[in-house]
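# Secondary and tertiary structure notes
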Number of protein chains: 2
Amino acid sequence: MTNLTVNNASRDQLYLEDIQVGQKFGSAGQAVDEAQIKAFATQFDPQPFHLDEQAARNSIFGGLAASGWHTAAITMRLMVDSGAPIAGGLVGVGCEISWPIPTRPGDILNVESEVLEVTASRSRADRGIVTIRTKTFNQRGEVVQIMTAKLIVFRRPAPNSTGQVK
Amino acid sequence: MTNLTVNNASRDQLYLEDIQVGQKFGSAGQAVDEAQIKAFATQFDPQPFHLDEQAARNSIFGGLAASGWHTAAITMRLMVDSGAPIAGGLVGVGCEISWPIPTRPGDILNVESEVLEVTASRSRADRGIVTIRTKTFNQRGEVVQIMTAKLIVFRRPAPNSTGQVK
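Let me begin by describing the structure that accompanies this report. On a predicted model such as this, the values are computed, not experimentally measured, just so you know.

## A word on the interface of chain B and chain A
- With 49 residues of chain B in contact, the opposing surface of chain A contributes 49 residues.
- Taken together, the two surfaces of chain B and chain A that pack against each other cover about 3800 Å², and 64% of this comes from carbon and sulfur.
- Of all residues in chain B, B:Phe44, B:Ile60 and B:Trp69 give up the largest surface area on contact with chain A, accounting jointly for 19% of the area buried on that side.
- For the pair chain B and chain A, the interface holds 12 residue pairs in polar contact (both at pLDDT 80 or more).
- Only α1 (34-44), α2 (48-51), α4 (68-82), β3 (92-98) and β6 (143-154) of chain B provide two or more residues apiece to the side of chain B that touches chain A.
- When residues in the side of chain B that touches chain A are grouped by element, the largest group, nine residues, is from α4(B).
- Residue composition of the side of chain B that touches chain A, grouped by class: 27 nonpolar, 15 polar and seven charged.
- Bridge analysis of strand β3 (residues 92-98) of chain A against β3(B) gives five bridges, and the strand direction is antiparallel. Its bridge partner lying in β3(B), A:Glu96 is registered against B:Glu96.

Below, the structure written as structure tokens:
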């Protein structure tokens, strides 16, 4: 029993063979409000500019700003719910991230992903690494995060296999 | 009024001039339990291997695993509370992350940071970029995350200034 809300469950799942360089994936939008920004920061990044408007005005951000890790976490949620429906799930081995500008209260974020590279594993025949660049936009089309991630993606199981991804 | 819990407030704050290549910073420890892993995943990374033991056993992780973003968020909390006490706060422009192994229920995480590079800004006399590599360890000394981040760090304000960081 899980409380999954993965809309991807109803979409065609993509295996390594289905993914090509240049392929793009969009997402739905997600609104981010002040309460969410402060709740995330209270738990994971309790710095004044993520918690308090007055302190934030006098900081480098010039106003309340979401933690970059909050932007990253929301980006992940958008990718899981409505981004590339990778079979076996989105499993990253690592990534590069930059945050050109912060997410602000009232922003509505969406993501666009593009496949940069597809590489078969040399040591494991059942999988490969897909490099995907995902840009996170606010409602004005400004980029709040650029992430280039390496994902483990499995090949389609042979028809006579159990279909279970190990 | 904020609900800050920044222990760093009571420690000497570091300006750009105080930071040297090779300098190291530790942290306290933070325990991560199954409920926290599932709560984070429910909100930000609702994939079966982060939410459900049975599904996780049949996944690439072989058992319940924290989202990499949860590991990153806990790492940030440890850095804010007890890592390098950077004046003006920990403000990253970007980073590289890898997750060699996942965080598991029952793990106790701590971080160790090392300064790799200190670069004065060419365009702004009041600041620079400090590159810090932070490794996140579990209680067995295994590395669950390696992050190399670029932080904005301010120079010490002149004695006759307001001391306000802009």
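Alright, that's what it looks like, and here's the rest.
## Examining the pairing of strand β4 (residues 108-120) of chain A
All names here are of chain A.
- Across two bridges, strand β1 (residues 24-25) lies against β4 in antiparallel orientation. Note on β4: the bridge partner recorded for Lys 24 is Glu 114.
- One ladder, built from two bridges, connects strand β2 (residues 30-31) with β4; its direction is antiparallel. Across the sheet, residue Gln 30 finds its bridge partner in β4, namely Leu 109.
- Of the pairings in the sheet, the one linking β4 to strand β5 (residues 127-137) comprises 10 bridges and is antiparallel in character. Bridge assignment links Glu 117 to a residue of β5, and that residue is Thr 131.

## What to know about the packing of aromatic side chains
- This model, assessed by the stated rule, comprises eight aromatic pairs over all chains.
- A centroid spacing of 5.2 Å and a plane angle of 50° characterise the contact between A:Phe40 and A:Phe44, whose relative ring orientation is tilted. Of this pair, A:Phe40 and A:Phe44 are both found in helix α1 (residues 34-44), four residues apart, which corresponds to roughly one turn of the helix.
- Classification of A:Phe40 as buried rests on a relative accessible area of 4%.
- Classification of A:Phe44 as buried rests on a relative accessible area of 4%.
- When the ring of A:Phe40 is compared with that of B:Phe44, the centres are 5.6 Å apart and the planes differ by 80°; the resulting orientation is edge-to-face. Linking A:Phe40 in helix α1 with B:Phe44 in helix α1, this pair reaches from one chain into another.

## Some points on the pattern of salt bridges
- Tallied over the full model, the rule gives 16 salt bridges over all chains.
- Here A:Arg133 and A:Glu114 are joined by a salt bridge, their closest N and O atoms 3.7 Å apart. Here A:Arg133, found in strand β5, pairs with A:Glu114, found in strand β4; they are 19 residues apart in sequence, far enough to count as distant.
- The shortest N-O distance in the salt bridge between B:Arg127 and B:Asp126 comes to 2.9 Å.
- The exposure class assigned to B:Asp126 is partly exposed, which follows from its relative accessible area of 33%.
- One salt-bridge network, held together by shared partners, links A:Glu34, A:Lys38 and A:Glu53.

Conventions we followed
- Residues numbered from 1 in each chain as written.
- Chains lettered and ligands numbered in written order.
- Predicted model: local features only at pLDDT ≥ 70, side-chain atom pairs only at ≥ 80, totals over all residues.
- Heavy atoms only, no water.
- Contact = heavy atoms within 4.5 Å.
- Buried area = accessible area lost by both parts, 1.4 Å probe.
- Polar contact = N/O pair within 3.5 Å; in protein donor to acceptor, adjacent residues only side chain to side chain.
- Helix = DSSP H or I, 4+ residues; strand = E, 2+ residues; numbered from the N terminus.
- Nonpolar A, V, L, I, M, F, W, Y, C, P; charged D, E, K, R; others polar.
- Pairing = 2+ DSSP bridges.
- Phe/Tyr/Trp six-rings, centres within 6.5 Å; stacked < 30°, edge-to-face > 60°.
- Buried < 20%, exposed > 50% of the residue type's maximum accessible area, 1.4 Å probe, protein only.
- Salt bridge = Lys/Arg side-chain N within 4 Å of Asp/Glu carboxyl O.

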